[in-house]
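Structural overview for review
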Amino acid sequence: MCAFSVSARRYVNSLRRWKAGRRSPTLCIPSHLPSLAPARQPASQPAAAPAARTRREPRSAQDDAALPGACSYLPGAASCYLPRRAAPPPGHSTPCQPRGHRCPRRNRDFLLMADSKPLLSLDGDAVAAEALLQDVFGIVVDEVIRKGTSASEKVCEWKEPEELKQLLDLELRNEGESQEQILERCRAVIRYSVKTCHPRFFNQLFSGLDPHALAGRIVTESLNTSQYTYEIAPVFVLMEEEVLKKLRALVGWSSGDGVFCPGGSISNMYAVNLARYQRYPDCKQRGLRALPPLALFTSKECHYSVKKGAAFLGLGTDSVRMVKADERGKMIPEDLERQIGLAEAEGAVPFLVSATSGTTVLGAFDPLEAVADVCQRHGLWLHVDAAWGGSVLLSQTHRHLLNGIQRTCSSAATDPRPATCSSRTSSTMWLWTLETRYLVEELKKREAFELVMEPEFVNVCFWYVPPSLQEKKGSPDYGERLAKVAPVLKERMVRKGSMMIGYQPHGTRGNFFRMVVANPVLTRADMDFLLNELERLGQDL
């Protein structure tokens, strides 16, 4: 349950107990509740509320003598209670009533909730709570695990936003709902959500459903703990240390430390912060005042989070120097050397190079050994964003793509999604060598498809060429017309629910499809369906 719901429930229950004569009446709604924001104060009447007291702190005689007209009022509270009549606190329109009477305020949503029929709750009823969870788990197994992974079902039941709002009825009301209504809402959420576990979902850099990973999520969510200390999470702290130790060994480090991040974006921002601190430790205390103009370097194929991290950390996006990439999307070390020289000539201080192992569109791997040589010559921190391609470290056949990663200064940002567990990683690598090659060979055989380039990873990029363009590849407007095909096909497949595959432009190349072969249950039949479905959807173009 979210913090907002917990705070609201505690307040409502406290108010009910007070009304029954079992609770001290010095209660105010915390100001962080969104629907109870304090009224805007006129500029000539600044708020002068006394400090809030704890619930167990009694009012003293000195308090009453010093504050004859004050109440236990907090800015943002929907009501207040006074020991006697007094002038209204700032924002109140009428005088406060004697103890036990509410002051009128504009925002009284939770007071209405408290006065209404009690909300349904399973607190203390273990049998009812278990029955609810069993019902919900049953829905998840039927609608997500069974139907969601079945090729005979739709990837999504697409609805336009306004229609979906009406179907879901998302209005937050003061009254609770029955258990039957809650279960129906669970079904509706699943029905109208995209099934990323579906074998025909190729839209993102993740797909599929791993039962081992799902079982782990159920356990961790049920325990609802955090990694603060060994005291609160002894098992998970030890697990974290062991996994980090293994990851460091895979990278090639004999010592070091690490943290798990919510995603590659935060990992890259951490890397910028680490490199800055290593170069200028005083910045932790003195902030940006301790820094000269800084310069960091990354490929033009990098993830957008590198610039975003520079902005968040106060360096500014201008501090990010974009290094050229070759036609396959790999950083060019010679241009990196040139960019470093330009930055120094302009008075900036180079401090970081962020390389990429597995770019999001083309799946390219920067040449880490050559990049590391440049960093070593100039004394720069080397970070590798391996959020997408880091799983190849687990493959003896393909780990050469990350040769040189052991020379990095910061942890490679390895995202576990394409490698949830060892069995899944083996499946992914097997798919890479078999299903990816099968798809590429089928694309070459069919006249209606054109490869953007030979894939280096599981990103297979291609164009669908409709019948009207197959004989016009040399015409002046061929590229412009071809770029309009992918958006049309994407809309058709989503509305039909048959599959989902992403598209994008890239440099001078018009919109093309990016097929990601990452689902461990993919078969050649799924590859054939993909190509056949694109031909069916585009036969009239």
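Everything below is about the structure shown above.
Keep in mind it's a predicted model, so treat the numbers as computed, not measured.

What counts, and at which threshold
- Starting from 1, residues in each chain are numbered consecutively following that chain's sequence as written.
- Thresholds applied to this predicted model are a pLDDT of at least 70 for local features of residues and 80 or more for the giving and counting of side-chain atom pairs; totals over whole chains, interfaces and linings are not thresholded and use all residues.
- Side-chain descriptors were evaluated using all non-hydrogen atoms of the structure, hydrogens and water having been removed beforehand.
- Only DSSP runs of H or I covering at least 4 residues are called helices, and only runs of E covering at least 2 are called strands; the numbering of each starts at the N terminus.
- Classification of residues uses two cut-offs on accessible area relative to the type maximum, computed with a 1.4 Å probe and protein chains only: under 20% is buried, over 50% is exposed, and between them is partly exposed.
- Any two residues having at least one pair of non-hydrogen atoms within 4.5 Å are treated as being in contact.
- In this scheme, a helix's expected span is set at 1.5 Å multiplied by one less than its residue total.
- What the arc covers is the set of directions going from the helix axis to the C-beta atoms.
- Each patch is built from salt-bridge-free residues with over 30% relative accessible area, joining like charges within 9 Å and nonpolar side chains (Val, Leu, Ile, Met, Phe, Trp, Tyr) within 5 Å.
- Using the Shrake-Rupley algorithm and a 1.4 Å probe, accessible areas are obtained, with residue cover drawn only from the displayed protein chains.
- Salt bridges are defined as contacts in which a side-chain nitrogen from Lys or Arg sits within 4 Å of a carboxyl oxygen from Asp or Glu.
- Put simply, buried Ala, Val, Leu, Ile, Met, Phe, Trp, Tyr and Cys residues joined by side-chain atoms within 4.5 Å make one nonpolar core.
- Here the aromatic set is Phe, Tyr and Trp, taking the six-membered ring for Trp, and pairing holds for ring centres within 6.5 Å; pairs whose planes are under 30 degrees apart are stacked, those over 60 apart are edge-to-face, and all others are tilted.
- A ring is considered to have a charge above it if a Lys NZ or an Arg CZ atom is located within 6 Å of its centre and within 35 degrees of its normal.
- DSSP-based pairing: two strands are paired if at least 2 bridges between them are found.
- For helices, the axis comes from a line fit to the C-alpha atoms of the stretch in contact; other axes are also lines fit to C-alpha atoms, and the angle between any two N-to-C directions lies between 0 and 180 degrees.

Brief notes about the overall build of the protein
Within the protein, the regular secondary structure consists of 17 helices and nine strands. Considering the protein as a whole, with its 541 residues, one finds that 41% of them fall into the buried category. Partitioning the contacts of the protein with sequence separation of at least 6, the portion at a separation of at least 24 is 66%.

Some points on helix H4 (residues 126-146)
Since one α-helical turn is 3.6 residues long, residues separated by three or four positions face the same way. Its 21 residues place the ends of H4 28 Å apart at the C-alpha level, agreeing with the 30 Å of an ideal helix rising 1.5 Å per residue. Among all positions of H4, only Ala128, Leu132 and Ile139 are buried. On the buried face of H4, the contacting elements are helix H6 (179-191).

Let's talk about helix H13 (residues 368-378)
For H13, the set of buried residues is Leu368, Val371, Ala372, Val374 and Cys375. For H13, the arc enclosing every buried residue in end-on projection is 155 degrees, short of the 170-degree limit, so these residues lie on one face. Turned more than 90 degrees from where H13 packs its buried face, Gln376 and Arg377 sit exposed. Against the buried residues of H13 lie helix H12 (333-345), strand S4 (349-356) and strand S5 (381-385). Within two residues after H13, Gly379 carries a phi angle of roughly 65 degrees, on the positive side.

Thoughts on the pairing of S5
Within S5, five of the five residues are buried, which leaves the element mostly enclosed by the surrounding structure. Residues of S5 alternate between two faces, with Trp381, His383 and Asp385 on one and Leu382 and Val384 on the opposite face, all of them buried.

Details of a nonpolar patch on the surface
Together, Leu133, Phe137 and Ile218 line one region of the surface with nonpolar side chains, adding up to about 270 Å² of accessible area. Inspection of the secondary structure assignment puts Ile218 in helix H7 (residues 211-223). Note on Ile218: relative accessible area 36%, which makes it partly exposed.

Structural notes on unusual backbone geometry
Despite not being glycine, Asp169 shows a phi value in the positive range, around 50 degrees. Structurally, Asp169 is set in the loop between helix H5 (161-168) and H6.

Description of the nonpolar core
In this structure, Phe462 and Met515 are the most contacted members of the largest nonpolar core, which totals 77 residues. The dominant element in this core, judged by the number of residues it contributes, is helix H17 (residues 524-537), at six residues. Excluding residues within four positions of it along the chain, Phe462 makes contact with Leu443, Phe449, Glu450, Leu451, Val452, Ile501, Phe512, Phe513, Met515 and Leu534.

Some remarks on the side chain of Thr359
You can see Thr359 is positioned in the loop between S4 and H13. Ignoring sequence-local partners within four residues, the contact set of Thr359 consists of Glu301, Gly329, Ala364, Trp388 and Asn459.

Quick look at the packing of aromatic side chains
For the coordinates displayed, the defined rule picks out seven aromatic pairs. Both rings, one in Trp388 and one in Phe457, keep their centres 5.3 Å apart while their planes meet at 70 degrees; by these two values the pair is edge-to-face. Within this pair, whereas Trp388 is found in the loop between S5 and helix H14 (422-445), its partner Phe457 is found in the loop between strand S6 (449-451) and strand S7 (459-464), the two being separated by 69 residues in sequence. Here Trp388 and Phe457 have matching classes, each one buried. Considering the side-chain rings of Trp463 and Phe512, the 5.9 Å spacing of their centres and the 75 degrees angle between planes classify their relative orientation as edge-to-face. Linking Trp463 in strand S7 with Phe512 in strand S9 (residues 509-516), this pair joins segments that are 49 residues apart in sequence. Under the relative-accessibility criterion, Trp463 is labelled buried at 12%. Overall, the relative accessible area of 0% leaves Phe512 in the buried class. Pairwise contacts between aromatic rings join Phe449, Phe462, Tyr464 and Phe513 into one cluster. The ring of Phe529 carries Arg200 above its face, with NZ or CZ at 3.8 Å from the centroid.

Considerations on the sheet that holds strand S2 (residues 294-299)
The parallel open sheet is built from four strands, whose spatial order is S3-S2-S4-S5. The sheet is open, and its two edges are formed by strand S3 (320-323) and S5, each paired on a single side. The mean angle between the axes of side-by-side strands here comes to 25 degrees, regardless of whether they run parallel or antiparallel. Most of the contacts of H13 go to S5, to which it runs at about 155 degrees, and overall it touches S4 and S5.

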